[in-house]
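Breakdown of the fold
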Amino acid sequence: MSTAHRFLLDIPDLWDTVDLSGEELSRTRAKALATTDDPREKARINDMFRQGREVSRAARRHGALLAAGTATLYGDDLFMAYGMVFAVTTPEGSELTLPVLSAQLGISSANGTAPKDRVIASAKVPHVGTVARVTGTETTRLTADIDVELLTMHTMMPVPGRADDFLVVTLASPNLPLKNEVYDLFDAITGTFRFLTEEGEPLAPVARAS
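Residues numbered from 1 in each chain as written. Predicted model: local features only at pLDDT ≥ 70, side-chain atom pairs only at ≥ 80, totals over all residues. Heavy atoms only, no water.

**Some details on the overall build of the protein chain**
What counts is decided by this rule: Put simply, DSSP H or I for four residues or longer makes a helix, DSSP E for two residues or longer makes a strand, and each gets a number counted from the N terminus. For the exposure calls, accessible area comes from a 1.4 Å probe over protein chains only, and a residue counts as buried if that area is under 20% of its type's maximum, exposed if over 50%, partly exposed in between. Only the protein chains shown count as covering a residue, and every accessible area follows the Shrake-Rupley method with a 1.4 Å probe.
On a plain count of helices and strands, the protein chain comes out with four helices and nine strands. Secondary structure elements of the protein chain, listed N to C terminal, follow the sequence β-β-α-α-β-β-α-β-β-β-β-α-β. Per-residue burial over the protein chain gives 45% buried out of 210 residues. Carbon and sulfur atoms provide 51% of the accessible area of the protein chain, an area that totals close to 11,300 Å².

In structure tokens, the structure reads:
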């Protein structure tokens, strides 16, 4: 069996690799604040960008292989979303099955519980095959007294040629009213994921029991 040497994930044109310095995020925040004089709207914008800073910090802390995001103005509306890819190795003597995923993914960091709308299911990724996926509205703790809700999607990608290794594609957005549209977008982004050989050729989908 061929072994994966790297991966590719197609990021939408309006998304950028996360600038961990925070400079680009600050510039976009200033533009967003300039669009309104409403104190409540300014507070909402500040809250959303605070989430963006925390996502950037989380990417750095957890050693993300890829971190990207967008803060895009559509008229008077702001759309924010983030994506990260993490490497996961199955602990020796255990299997990364759906019950194990249920215990590990999609848990709200603010209270350690699973969201009421969490769904654990399988999904089809064209260049990978059938994979496990967890979706739900997770509550994330930003500070000691501030929690935020994020629409999240975690998709497990089994690494070809390395039975115990997976890459987790995690996507999140605070735009809760756009739930259906957000999940459709996340599914489309995740669907572009593929593993590549050392020569840069895409690998065939992996058949692995879940």
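**Description of the pairing of strand 4 (residues 77-89)**
Spelled out, the test is: Two strands make a pair as long as DSSP finds a minimum of two bridges between them.
As defined by bridge partners, strand 3 (residues 66-74) adjoins strand 4 across nine bridges and the pair is classed as antiparallel. Paired with T72 across the bridge in strand 4 is F79. Between strand 3 and strand 4, which pair antiparallel in sequence order, lie two residues; one of them, G75, sits at a positive phi of approximately 65 degrees.

**Some points on the packing of aromatic side chains**
Inclusion rule: By convention, a stacked pair of Phe, Tyr or Trp rings (six-membered ring in the case of Trp) has centres within 6.5 Å and planes under 30 degrees apart, an edge-to-face pair has planes over 60 apart, and any other such pair is tilted.
A full pass over the atoms with the stated rule returns two aromatic pairs. Pairing F7 with F193 gives two aromatic rings, centres 5.4 Å apart and planes at 15 degrees, and the pair type is stacked. Of the two residues, F7 is situated in strand 1 (residues 6-8) and F193 in the loop between helix 4 (179-190) and strand 9 (194-196); the sequence distance between them amounts to 186 residues. Just as F7 is buried, F193 falls in that class too. Considering the side-chain rings of F193 and F195, the 5.0 Å spacing of their centres and the 80 degrees angle between planes classify their relative orientation as edge-to-face. Each member of the pair, F193 together with F195, is buried.

**Some points on the nonpolar core**
The condition that has to hold: The definition of a nonpolar core used throughout is a set of buried Ala, Val, Leu, Ile, Met, Phe, Trp, Tyr and Cys residues joined through side-chain atoms within 4.5 Å. Contacts are residue-level and defined by heavy atoms, with any inter-residue pair within 4.5 Å sufficient.
Grouped together as the largest cluster of nonpolar side chains are 24 residues, with contacts concentrated most on W15, M157, L167, F186, F193 and F195. Breaking this core down by element, the ones donating at least two residues are strand 4, strand 5 (119-125), strand 7 (146-158), strand 8 (165-173) and helix 4. Counting residues per element, this core draws most heavily on helix 4, which supplies four residues. Those residues within four positions of M157 in sequence are excluded, and the remaining contacts are V125, V128, V131, D165, F166, L167, V169, T190, F193 and F195. Core analysis: the next-biggest nonpolar cluster, separate from the first, contains eleven residues, A32, I45, Y82 and L150 among them.

**Notes on the environment of A68**
Mapped onto the fold, A68 is located in strand 3. Take A68: its relative accessible area is 2%, and that puts it in the buried class.

**Considerations on helix 4**
Heads up, the rule is: Each helix should span, by expectation, one fewer than its residue count multiplied by 1.5 Å. Throughout, the arc means that of the directions going from the helix axis to the C-beta atoms.
With twelve residues, helix 4 should reach 16 Å at 1.5 Å per residue; the first-to-last C-alpha distance of 16 Å fits that figure. All buried positions along helix 4 are accounted for by V182, Y183, F186, I189 and T190. The buried residues of helix 4 occupy an angular sector of 125 degrees when projected down its axis, which confines them to one face. Turned more than 90 degrees away from the buried face of helix 4 sit N180 and D184, all of them exposed.

**A closer look at the pattern of salt bridges**
What counts, and what does not: By definition here, a salt bridge exists when the distance from a side-chain nitrogen of Lys or Arg to a carboxyl oxygen of Asp or Glu is within 4 Å.
Counting across every chain of the model gives three salt bridges. Close ionic contact of K179 with D117 constitutes a salt bridge, the shortest N to O distance being 3.3 Å. Pair noted here: K179 is in helix 4 and D117 is in the loop between helix 3 (98-104) and strand 5, with a separation of 62 residues, a long-range link. Between R133 and D187 there is a salt bridge, and its shortest N-O distance comes to 2.8 Å. Of the two residues, R133 is situated in strand 6 (residues 129-143) and D187 in helix 4; the sequence distance between them amounts to 54 residues.

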